[in-house]
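An overview of the molecular structure
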Amino acid sequence: MFLIAQSLVAVATLLDLASFQFKSRRIILSCLFTSVLLTSAHFFILGYHSAGCLMFIAAVRYFYCIYYKHTWAMFGFMAVSCLAVYFTWQDWFSAFALVATLIQTIASFQNRDLHLRLCMVVGTSFWITHNIFAGSPVAILMESLFLSSNLLGLYRFYVGKKSLSEPQTQP
């Protein structure tokens, strides 16, 4: 079962890598929907029910955010996430998963992809910490690559463009 779980998260990794190489918020969220659905199954197979529930809620959230962005729904997803962890609490590091989810919930409801990306950097860092304690090597790799892809996308769409558009001065 461990190998099946790792295989699911490997496919999710490919979707994560693709997600932040798009500029469209809708395409980013579509990739993330599929990725976290697979990651949810991964955590359930490994017996990490808090993380599995949070990822399932995140999948529903990403799907919702493809089409809508009501602030009341953001608070609803945050409340459901807190309840899920309350009822499935297993280990102290479930708190890392919850913090990651709350931050990424805020990210999902951002209007600008830059704000989405910046919040995701912070949330992903908490998922990496959770996955280290959960002992899932492919999930650690997945989130690390996701973070790298996001940072590359930030550079490509914001930092690199800015430095290319600024006039170069000669000494």
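In short, a report on the structure. Computed from a predicted model, the values in this text were never measured in an experiment.

1. A short note on empty space enclosed by the protein
Throughout the structure, instances matching the rule amount to 2 cavities of 30 Å³ or more. Within this model, the largest cavity holds a volume of roughly 120 Å³. Looking at the largest cavity, it is lined by 17 residues, and the ones nearest its centre are V36, M55, Y62, Q104 and E143. Here the lining of the largest cavity takes 5 residues from helix α3 (residues 49-67), the largest share from any one element.

2. Let's talk about the packing of aromatic side chains
Under the counting rule described, the total for this entry stands at 15 aromatic pairs. With a centroid separation of 5.3 Å and an interplanar angle of 50 degrees, the aromatic rings of F33 and F63 are classed as tilted. Of this pair, F33 sits in helix α2 (residues 25-46) while F63 sits in helix α3; the two residues are 30 residues apart in sequence, bridging distant segments of the chain. Overall, the relative accessible area of 41% leaves F63 in the partly exposed class. Ring centres 5.1 Å apart and planes at 80 degrees place the aromatic pair Y86 and F87 in the edge-to-face group. With relative accessibility at 63%, the residue Y86 sits in the exposed group. Given a relative accessible area of 65%, F87 falls into the exposed group. Among the aromatic residues, those joined into a ring-pair cluster are Y48, W92, F93, F96, F126 and F133.

About the cut-offs
Residues numbered from 1 in each chain as written. Predicted model: local features only at pLDDT ≥ 70, side-chain atom pairs only at ≥ 80, totals over all residues. Heavy atoms only, no water. 1 Å grid on protein atoms, 1.4 Å probe; cavity = no way out; pocket = protein on both sides within 12 Å on 5 of 7 lines; lining within 4 Å. Points joined across faces, edges and corners; volume = space filled by probe spheres on them. Helix = DSSP H or I, 4+ residues; strand = E, 2+ residues; numbered from the N terminus. Phe/Tyr/Trp six-rings, centres within 6.5 Å; stacked < 30°, edge-to-face > 60°. Buried < 20%, exposed > 50% of the residue type's maximum accessible area, 1.4 Å probe, protein only.

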